[in-house]
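In case you want the letters, here they are:
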Amino acid sequence: MVSSNSIPTPDALIESFPTPTLPSIQGEPTYHPLAAILSALKANAASIPSNKGGSANGYLGIVVSNDVYSTIAPGNPFVPPTNPTQHPTIPRGSNDAAISTLNRRHDEKLREWKEHNNVQRALKKQLATAVDKIYLEAHYDDNVGYENVSIRTLIQYLFDEYGDITPIDLRANAQRLNEEWDPNQPIQTLFSRIKEIQTYAQAGNRTFTDQQIVDAAYTIIYNTGIYFDDCDTWLDTLPTNQTWTNFQTHFNTAHRKAKRKQRTTQSEGYHGANAAIETATTLQAENEAATEALANMATAMSADRTTMSQLTKAITDLTTQLKDKNNEISSLKSRLRGTTSNNSDSNNSQRNSNDNNNTNNRYHGNNNSNSNTRTSMWTNGKHIRDTGGYCWTHGYCATADHTSANCFKQNPGHKTEATRENNMGGNEYGKPRL
């Protein structure tokens, strides 16, 4: 017989769980807190070894639906153990070895059944602690509590009643299977997204089949344009092997291979890449220049040879004429600069001489300056000869050829338009008295 001491109690199982205490929900449950609880319950159930459902996922099969489990362990459904008879059935005439084998098998079935029940009790106890009792009241029995209801039923009830998942939400969730994936990101980001989609669908009682998930993920990866060869290899596998689990393994390997190839390419060096780019650019420019030259040559060869000869001679003649004209212009510029310099010196000398003469005439009464044509005049008791000129700055004593317009020693405010008839408020020194 199986000893009860060899089977962990619900409390002992809870202590061994990865998450002994579930996140508590205050008040009415909603989807996201319930999803966090479901995730913890699945991990806890999977942590207890079991030979059921392929022997790889522990007691996960008592938490998730059969459809979901089929995507996790295709072809290996999780079948909960049933209560065996009190004693093994031993055919009449069985020998001792056969009887021993039958007893051993009966004990194992009994152990599995009791362990399965204790795992159920442990998970339900955790859930009842995390959620207020009022929200599980519909499945609570005053005599046996939650003994006659499975953990899967309680979870689905909470999602149905409080998860607020509408058909519109489920449709939007399904459309996420069509979203693109960035191949620069770890491929686990894609697998995790599909896992979230499946979990949400499960909560809304709309689980995707294994084939639906595989087809959606294949389309997403194919559309990246990077994994064509790996996609072909996947299609070549037997349909029975095209499971979601095998799909993840296959493309996880393909993704690692692509990343390794990318790192190898990058290790060739930044400068090597730049050199390749510069070489390509240079070659392209050279090719374009060569193409243009060939096109020009073809055009020239197709033209009339006589015309080409005439054009060549005309260009040569024009070039010679232009050269001669440039030499002539340079010579003229040189001569002009010399003439300008001499004129400037002569003008300065003449201007200085005139200035001295004018000064003498104005202030020293030079009798050689228009003495026979102008009358004398008195100014401020001084006898000054009237020369008939006027300058806004120097007044009426200016010589006839000294005007406001050509005065070279102008006072501030000098007006070049001033004359004897309209002195415009200029100097009145030497003005004849009436």
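Predicted model, so just to flag it, every value in this text is computed and none were measured. (Residues numbered from 1 in each chain as written. Predicted model: local features only at pLDDT ≥ 70, side-chain atom pairs only at ≥ 80, totals over all residues. Heavy atoms only, no water.)

Participant: Can you tell me about the overall build of the chain, naming the residues and giving the values?
Facilitator: The secondary structure content of the chain amounts to 12 helices and two strands. Walking the chain from its N terminus toward its C terminus, one meets helices and strands in the order α-α-α-α-α-α-α-α-α-α-α-α-β-β. The buried share among the 434 residues of the chain stands at 32%. Restricting to contacts in the chain with at least 6 residues of sequence separation, those with at least 24 account for 58%. Split by element, the accessible area of the chain, about 27600 Å² in all, is 51% carbon and sulfur. (Helix = DSSP H or I, 4+ residues; strand = E, 2+ residues; numbered from the N terminus. Buried < 20%, exposed > 50% of the residue type's maximum accessible area, 1.4 Å probe, protein only. Contact = heavy atoms within 4.5 Å. Areas by Shrake-Rupley, 256 points an atom, 1.4 Å probe, with all protein chains shown as cover.)

Participant: Please give an account of the nonpolar core that cites residues and values.
Facilitator: Residues Leu-41, Val-63, Leu-123 and Leu-127 are the most contacted members of the largest nonpolar core, which totals 44 residues. For this core, the secondary-structure elements that each account for two or more residues are α1 (10–16), α2 (31–46), α3 (66–72), α4 (96–130), α5 (151–162) and α7 (187–203). Here the element with the most residues in this core is α2; it accounts for eight residues. Membership of the second largest hydrophobic core comes to 23 residues, among which are Ile-197, Val-214, Ala-216 and Tyr-227. (Core = buried A, V, L, I, M, F, W, Y, C linked by side-chain atoms within 4.5 Å.)

Participant: Explain the environment of Leu-110 residue by residue, including any values.
Facilitator: Within the fold, Leu-110 resides in helix α4. According to the relative accessible area criterion, Leu-110 is buried, its value standing at 9%. Taking the C-alpha atoms as reference, Leu-110 lies 8.8 Å from Pro-81; in sequence the two are 29 residues apart.

Participant: With reference to specific residues and values, describe the environment of Ala-56.
Facilitator: With respect to the secondary-structure elements, Ala-56 resides in the loop between α2 and α3. The exposure class of Ala-56 is exposed, given its relative accessible area of 62%. Spatially, the C-alpha atoms of Ala-56 and Ala-46 are 8.5 Å apart, while their sequence positions differ by 10 residues.

Participant: Give me α5: which residues, what numbers.
Facilitator: The first and last C-alpha atoms of α5 sit 16 Å apart over 12 residues, in line with the 16 Å expected at 1.5 Å per residue. Within α5, the full set of buried residues consists of Ile-151, Leu-154, Ile-155, Tyr-157, Leu-158, Phe-159 and Tyr-162. Immediately beyond the C-terminal end of α5, within one or two residues, lies Asp-164, with a positive phi of roughly 55°. (Expected span 1.5 Å × (residues − 1).)

Participant: Now, about the confidence of the model for the chain: what can you tell me, with residues and values included?
Facilitator: A low pLDDT score tells you not to read the predicted coordinates there in detail. Taken as a whole, the chain shows an average pLDDT of 81; of its residues, 78% reach a score of 70 or greater. Taking the mean pLDDT of every element in the chain, the minimum, 47, falls on strand β1 (residues 376–379) and the maximum, 96, on α1. (pLDDT = per-residue confidence, 0-100.)

Participant: So what's going on with the packing of helix α8 (residues 210–222) against helix α9 (residues 228–236)? Which residues, and what values?
Facilitator: Axis separation between α8 and α9 bottoms out at 10 Å; the angle between their running directions is 155°. On the basis of their axis angle, the class for α8 and α9 is roughly antiparallel. Between α8 and α9 lies a crossing whose hand is left-handed. Judged by residue contacts, Val-214, Tyr-218, Ile-221 and Tyr-222 of α8 engage Phe-228, Cys-231, Trp-234 and Leu-235 from α9. (Axes fitted to C-alpha atoms, helices over the stretch in contact; angles between N-to-C directions. Parallel < 35°, antiparallel > 145°, perpendicular 65-115°, else oblique. Left-handed = near helix turned anticlockwise from the far one by under 90°.)

Participant: Explain the packing of aromatic side chains to me, and be specific about the residues and the numbers.
Facilitator: All told, the structure shown has 15 aromatic pairs when counted by the stated rule. Pairing Phe-191 with Trp-244 gives two aromatic rings, centres 5.6 Å apart and planes at 85°, and the pair type is edge-to-face. Placement of the pair is Phe-191 in helix α7 and Trp-244 in helix α10 (residues 244–266), with a sequence separation of 53 residues. Judged on exposure class, the residue Phe-191 and its partner Trp-244 are both buried. With 4.6 Å between their ring centres and 55° between their planes, Tyr-390 and Tyr-396 make a pair best called tilted. Overall, the relative accessible area of 4% leaves Tyr-390 in the buried class. Accessibility expressed as a relative area gives 4% for Tyr-396, which makes it buried. The structure contains a cluster of three or more aromatic residues connected by ring pairs, namely Phe-191, Trp-234, Trp-244, Phe-247 and Phe-251. When the ring centre of Tyr-140 is taken as origin, the NZ or CZ atom of Lys-133, which lies over that ring, is 4.1 Å away. (Phe/Tyr/Trp six-rings, centres within 6.5 Å; stacked < 30°, edge-to-face > 60°. Lys NZ or Arg CZ within 6 Å of the ring centre and 35° of its normal.)

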